[in-house]
Amino acid sequence: MDKNEVQLILKQLKINPNKKLGQNFLTDKNIVNKVIYFSELSNDDIILEIGPGLGALTEELVKKVKKIYAIEIDHRLYSYLNKKFSNFNNIEIIHGNILELEIPFHTKVVSNIPYSITGPILNKIFYKKEPPIGVLIIEKSIADRIFISENYKTFSRISIGTNAFINPVSKLTISRLSFYPIPKISLSLIKIIPNEKINPFLMEKDTIDFFLKFIAGIMPYKNKNIVNALDLYFKTLNRSRYTKEEILMILQKNNYDNKKLFGFKIEEFIEISKLFYS
Ligand code: SAH
C-alpha cells in the first residue's frame with residue numbers, strides 16, 4: 001500500500017484519520033518489508049496485531065502464518081478488513097479496544113500500534129510471566145528507554161518495567177514520512193524477545209502490579225540515593241509504613257549500598273521491591 005492507495009481507500013470509506021485513535025497508516029512498502037523481516041515468521045506462528053488499520057501489515061502476515069488475531073477499535077476499518085480478508089480462513093478480525101478485551105493466545109505481536117497508548121499496551125501484553133516476541137513500531141523516545149544499554153540518560157521506569165520481562169534485540173529509526181498522516185513524533189521499529197528467566201517474584205498479577213507501582217513511585221527520584229528516593233516515595237502514599245531509618249536498615253541488612261537509583265541493576269530493583277512488598 002502506497003500513499004495514494006491509502007488516501008484513496010480512506011476517501012472511499014469517508015474516513016478522516018482520527019488523531020485520538022492514533023491513526024497514522026503505513027504507506028511505505030520498505031518499512032512493511034522490514035517489519036516482516038524482523039518478525040522471522042513461520043507457519044506455526046500465532047500473531048496478534050494491534051490496530052491493523054487498513055491492513056498494510058496484515059496483508060503480508062496473513063500469507064505467512066498459522067493464525068492472526070487482528071484487533072481494531074474503529075468499526076469502519078473493522079468492516080473494511082472483514083471484507084478485504086474474507087477469502088482467508090486463518091485470520092480473525094476482532095472489533096474492540098485492545099486494552100479492554102481478553103486477548104487470545106499468541107506467540108508474536110507484530111504491529112504498528114496506536115502510539116498514544118504505548119505504555120498501557122506494553123503493560124497489558126508484555127508485563128507477564130510468559131510474554132510474546134514483539135515486533136513493534138513505537139514512539140522513538142519510548143524505544144530509547146527500552147534499549148537502556150545504549151544510553152543511561154534515558155533510564156526510566158519504562159526501562160525497568162520492560163527489561164524485567166523482555167530483552168530488547170533490535171532497533172531501527174523510521175522516517176515520519178512513511179506514514180499518512182505524517183505523525184508529529186519520531187518512530188522506531190523494535191524487536192523484543194522474552195527474557196530467558198523472569199524473576200519468580202513477577203509471576204503473579206498482584207506482585208507485578210506492586211512492582212510496577214513501586215518503580216513508577218521511585219523513578220521520579222532517579223538522581224537521588226535509594227534511601228531518600230524510597231523515603232520520598234513512601235511519603236506520597238497515604239500511610240507511610242517505613243521511617244527513613246527503617247528503610248536504611250532493611251537495605252543494609254540485604255547488602256544494598258545507599259547509592260543513586262540509576263546505579264542499580266534491573267534484577268536489584270525487582271529484589272528491592274520484594275523487600276517492601278507486604
Ligand atoms: N497498523 C496500521 C494502522 C496503524 S494506525 C498501519 O500500520 O497502517 C493505529 C490503528 O490502531 C488504527 O487503525 C486505530 O483505529 C487502531 N486503534 C487505536 N486505538 C485502538 C485500541 N485501543 N484498540 C484497538 N485498535 C486501536
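Data block above holds the structure.
The model shown is predicted, which means the values in this text are computed figures rather than measured ones. (Residues numbered from 1 in each chain as written. Predicted model: local features only at pLDDT ≥ 70, side-chain atom pairs only at ≥ 80, totals over all residues. Heavy atoms only, no water.)

**Considerations on the pattern of salt bridges**
Then, in step 1: Per the stated rule, a full pass over the model turns up 13 salt bridges.
Then, in step 2: Here Asp-45 ties to Lys-108 by a salt bridge, and the two come within 2.8 Å at their closest N and O atoms. Taken together, the residues Asp-45 in the loop between α2 (29-39) and β2 (46-50) and Lys-108 in strand β5 (residues 108-112) connect sequence positions 63 residues apart. For the pair Asp-45 and Lys-108, one class covers both residues: buried.
Then, in step 3: Residue Lys-84 pairs with Glu-59 through a salt bridge whose shortest N-O separation is 2.8 Å. Of this pair, Lys-84 sits in helix α4 (residues 75-84) while Glu-59 sits in helix α3 (residues 58-61), placing them 25 residues apart in sequence.
Then, in step 4: Beyond isolated ion pairs, a larger network of salt bridges with shared partners links Lys-29, Glu-60, Lys-63 and Lys-64. (Salt bridge = Lys/Arg side-chain N within 4 Å of Asp/Glu carboxyl O. Helix = DSSP H or I, 4+ residues; strand = E, 2+ residues; numbered from the N terminus. Buried < 20%, exposed > 50% of the residue type's maximum accessible area, 1.4 Å probe, protein only.)

**Digging into the nonpolar core**
Then, in step 1: With 94 residues, the main nonpolar core has Ile-137, Ile-146 and Phe-276 as its most contacted residues.
Then, in step 2: Both domains that furnish three or more residues to this core are identified here as domain 1 (3-198) and domain 2 (201-275).
Then, in step 3: Once residues within four sequence positions are removed from consideration, Phe-276 is found in contact with Phe-210, Phe-214, Leu-230, Phe-234, Tyr-242, Ile-247, Ile-250 and Leu-251. (Core = buried A, V, L, I, M, F, W, Y, C linked by side-chain atoms within 4.5 Å. Domains from an automatic or database assignment. Contact = heavy atoms within 4.5 Å.)

**Examining the environment of Arg-76**
Then, in step 1: If you trace the backbone, Arg-76 turns up in helix α4.
Then, in step 2: Put simply, Arg-76 and Ile-125 are 49 residues apart on the chain and 25 Å apart in space, counted from C-alpha to C-alpha.
Then, in step 3: Non-local contacts of Arg-76, meaning those with residues more than four positions away in its chain, are made with Lys-14 and Ile-15.

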